[in-house]
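Residue-level structural notes
Single-letter residue listing:
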Amino acid sequence: MVVEAGTRQEEHVVGRVWTVRLDPYGRPSAGAVRVSCSRPACADQCFPGGTADGRKAAVGHVNAHLARIRAGGGPRGEARCACRAADCAWHTPDPAAGRSGGTRSGPGPTRCGGPVVLTVYADRAGRLWRIAEMCARCAAATPDCRVLDTAPPPARTAPAGGEQAAGQPAEQGRAGGTPREGVAAVFSDQGPVPAGASPSAASSPAPVPRARRGASSGGAPRRAKRWGKIAQRIVPPDLEPDVLRLELVELGDAFRAYQQRTEPDLALLAELHERKARAFALWADVSGDDSLRHEAQRAEAAVQATLEMHANRCGLPVDGAGGDGPAVERLLTRPQAEHARTVLDYVAAHAPHPGAEVRLAVLMLILRAAKAGTGNVTGQDITGWLGDDAERVVRQLVEADWLRLPGTVAELLASRPEDPTAVTVPALLPDRPRPFDFGKTTRARISGWAQKVVGDRKLRKKKATAVTRLLALYTVAHTRPDGRLGRAEDDGLALDQVAAFCSLPPDRIGEHTERLLAADWLTEADTTGDRLRGQLAERALPLSGML
């Protein structure tokens, strides 16, 4: 719509919308998909390869549109809200849906407001993407909608020569009467209302006031306050104190920048959560909004959780800084290390034979099959764990029905990484009682941890036996953050428990600790009395279990 006002024109157009869809194409059994775009110049694309190829192409198409929009100046400040033009159907539920099958009914859409923003929406099924120019209030109310850019306020110039229209009092429009001649009241969800029109000519949404001018008639308009968003909330541009508004805007930008990082920095994330907790608590005090106070409490809890995660990774005390322990990047978190010790205890109690070689094989196979009772193994894995004893140990496990193979033992030992063998551990099948309660991520981390210990280069170089490798696993799983063996109150590890796990008499543990000292696994060890005391070497600290 074009409205003439005095000697100038203002133009409001409906916000632009681009919709990209991913739909089935052809026969359902073929699995082909089609990517279509609402822009007439964009031709449909068909992908017989399946949904993954189509989704990748759809995302690329959306990104290409966004690049062209930004190159063309981004969102337009004079545009109407596209969501309002669609009757706010993008965020207003339809109470009649599923009942009568009729058109939208019930309460009308929420009133629009705020600057025009460029948004992108992606449904959770990965089948529809929408780019739209819409108002900030609708963007905040639309689930899964992300704001990419904000339009500057539309430029508005005074009438030519700065003269009042004939017969128009100079005070009119300043004393609450009809707007001045040549100035149109602008709404975020409608076009401009011609000057002189009665207020009833406009619909219910309130006008967005123009920027105030300086004290002098020729003063420049004040600079628009920076707009921001944090935790799916729009920061009000008139929020006071101003330092709080700026802190919330900067925090929102900082959290979005953190999400773009390729590597996590948990110390930085904890600092951001701490700032957020303080800012939201002050925001709640200023506005009286209890939901903001709840968000501040959530941020305080996130600070503690993030610090604990940081401590787990670095081997620091949970209270963060000030610890004397070394800052080491750990392979396992504390909960994962606790699950690893549970697996070691299970192996000691349920191995079908007491030999150290059998116990080592049982441990490694359990970590491959812990979730579903089945796991992939290659001949290289088996010989790496057991060396020349591989065939004998596997036969013992098969004969005891602890392990089931799809073929022969020889075929298992000959299997290659590109064609592994799927072995089955009947005791871990889903129809049996579940001995472990960890997920697939924890299983993979513990399996990788055990593989690093068993396959340690210096242990292999010293020709470590299965007993020595079991002892290395036990010691590294039962250390404090500083690398000392056992809990602080226990003064080391019980020698009889260590010997029982390694399937060895207690008086022979000493000779294998000497081998760990020679392999630079331990820096000191003492087996006098009934305790095993020692210090883990620095190179083994990343594998330690942090009791």
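Analysis parameters
- Residues numbered from 1 in each chain as written.
- Predicted model: local features only at pLDDT ≥ 70, side-chain atom pairs only at ≥ 80, totals over all residues.
- Heavy atoms only, no water.
- Helix = DSSP H or I, 4+ residues; strand = E, 2+ residues; numbered from the N terminus.
- Buried < 20%, exposed > 50% of the residue type's maximum accessible area, 1.4 Å probe, protein only.
- Areas by Shrake-Rupley, 256 points an atom, 1.4 Å probe, with all protein chains shown as cover.
- Pairing = 2+ DSSP bridges.
- Axes fitted to C-alpha atoms, helices over the stretch in contact; angles between N-to-C directions.
- Phe/Tyr/Trp six-rings, centres within 6.5 Å; stacked < 30°, edge-to-face > 60°.
- Lys NZ or Arg CZ within 6 Å of the ring centre and 35° of its normal.
- pLDDT = per-residue confidence, 0-100.
- Contact = heavy atoms within 4.5 Å.
- Salt bridge = Lys/Arg side-chain N within 4 Å of Asp/Glu carboxyl O.
- Parallel < 35°, antiparallel > 145°, perpendicular 65-115°, else oblique.
- Left-handed = near helix turned anticlockwise from the far one by under 90°.
- Nonpolar A, V, L, I, M, F, W, Y, C, P; charged D, E, K, R; others polar.
- Expected span 1.5 Å × (residues − 1).
- Polar contact = N/O pair within 3.5 Å; in protein donor to acceptor, adjacent residues only side chain to side chain.

Regarding its fold elements, the protein presents 16 helices and 17 strands. Counting the 547 residues in the protein, one finds 41% classified as buried. Summing over all exposed atoms, the protein offers an accessible surface of approximately 28700 Å²; the carbon and sulfur share of this is 51%.

The next thing to look at is the sheet that holds strand S8 (residues 116-122). On the basis of which strands lie adjacent, the open sheet formed by 6 strands has the order S6-S5-S4-S9-S8-S10 and antiparallel pairing. Where the open sheet ends on each side, the last strands, each with one partner, are strand S6 (45-47) and strand S10 (145-150). In this sheet, adjacent strand axes meet at a mean angle of 20 degrees when their direction is disregarded.

Another aspect to go through is the packing of aromatic side chains. In the structure shown here, the tally under the stated rule is 4 aromatic pairs. Here Phe436 and Phe438 contribute two aromatic rings whose centre-to-centre distance is 5.5 Å and whose plane-to-plane angle is 20 degrees, an arrangement assigned as stacked. Judged on exposure class, the residue Phe436 and its partner Phe438 are both buried. Three or more aromatic residues joined by ring pairs make a cluster, and in this case those are Tyr346, Phe436 and Phe438. Over the face of the ring belonging to Trp90 we find Arg130, whose NZ or CZ atom lies 3.9 Å from the ring centre. When the ring centre of Phe255 is taken as origin, the NZ or CZ atom of Lys276, which lies over that ring, is 5.8 Å away.

Once that is clear, we can look at the confidence of the model for the protein. With 77% of its residues at a pLDDT of 70 or more, the protein shows a mean pLDDT of 78. Confidence drops under a pLDDT of 50 for residues 157-221, and excluding neighbours within four residues, the segment shows 82 contacts in the predicted structure.

In this section: the sheet that holds strand S15 (residues 493-494). An order of S15-S17-S16 is seen for the 3 strands of this open sheet, with the pairing classed as antiparallel. In this open sheet, the two strands that pair with only one neighbour each are S15 and strand S16 (522-526). The pairing of S15 with strand S17 (residues 531-536) spans 2 bridges and is antiparallel. Within S17, the position partnered with Leu493 by the bridge is Leu532. Where helix H16 (residues 509-518) meets the sheet, it contacts S16 and S17, and its direction lies at approximately 160 degrees from that of S16.

This structure, assessed with the given rule, holds 24 salt bridges. Close ionic contact of Arg256 with Asp253 constitutes a salt bridge, the shortest N to O distance being 2.9 Å. With Arg256 and Asp253 both in helix H4 (residues 242-259) and 3 residues apart, this pair spans about one turn of that helix. In this structure Asp253 comes out as partly exposed when scored by relative accessible area, which is 29%. Among the ionic pairs, Asp456 bridges to Arg539, the shortest N-O distance being 2.8 Å. One end of the pair, Asp456, is in the loop between helix H12 (440-454) and helix H13 (457-461); the other, Arg539, is in the segment after S17, and 83 residues separate them in sequence. For Asp456, a relative accessible area of 11% puts it in the buried group.

Of note, the bond from Glu240 into Pro241 is cis; its omega dihedral lies within 30 degrees of zero at 0 degrees. By the secondary structure assignment, Pro241 is in the loop between strand S12 (233-235) and H4. Not every positive phi belongs to a glycine, and Lys463 is a case in point at roughly 55 degrees. By the element assignment, Lys463 lies in the loop between H13 and helix H14 (466-477). Owing to a relative accessible area of 69%, Lys463 belongs among the exposed residues under this scheme. Even without glycine at this site, Ser503 takes up a positive phi of about 55 degrees. Residue position: Ser503 is located in the loop between helix H15 (495-501) and H16. With a relative accessible area of 29%, Ser503 lands in the partly exposed category.

Moving on, we come to the packing of H12 against H14. Between H12 and H14, whose axes approach to 9 Å, the crossing angle comes to 130 degrees. When the interaxial angle is binned, H12 and H14 end up oblique. Between H12 and H14 lies a crossing of right-handed hand. Note on element contacts: H14 touches H12 through Arg469, Ala472, Leu473, Val476 and Ala477, opposite Trp449, Ala450, Val453 and Val454. Here the contact of H12 with H14 is composed, by residue class, of 8 nonpolar, no polar and 1 charged.

Let us now look at H14. The end-to-end C-alpha separation of H14 is 17 Å, in line with the 16 Å expected for 12 residues at 1.5 Å each. Among the 12 residues in H14, 12 count as buried, and that is most of the element. Considered for burial, the residues of H14 that qualify are Ala466, Val467, Thr468, Arg469, Leu470, Leu471, Ala472, Leu473, Tyr474, Thr475, Val476 and Ala477.

Turning our eyes to something else, we now look at the environment of Phe47. Along the polypeptide, Phe47 turns up in strand S6. Its relative accessible area of 18% is what places Phe47 among the buried residues. Contact partners of Phe47, with chain neighbours within four places excluded, come to Ala32, Val33, Val35, Asp53, Gly54 and Ala57.

If you trace the backbone, Ser415 turns up in the loop between helix H11 (409-414) and strand S14 (421-424). Under the relative-accessibility criterion, Ser415 is labelled buried at 10%. Polar contacts involving the side chain of Ser415 include one to the main-chain carbonyl oxygen of Leu412, which spans 2.6 Å. A polar contact is formed between the side chain of Ser415 and the side chain of Thr421, at a distance of 3.4 Å. Ignoring any residue separated from it by four or fewer positions in sequence, one finds Ser415 in contact with Val377, Thr378, Gly379, Gln380 and Thr421.

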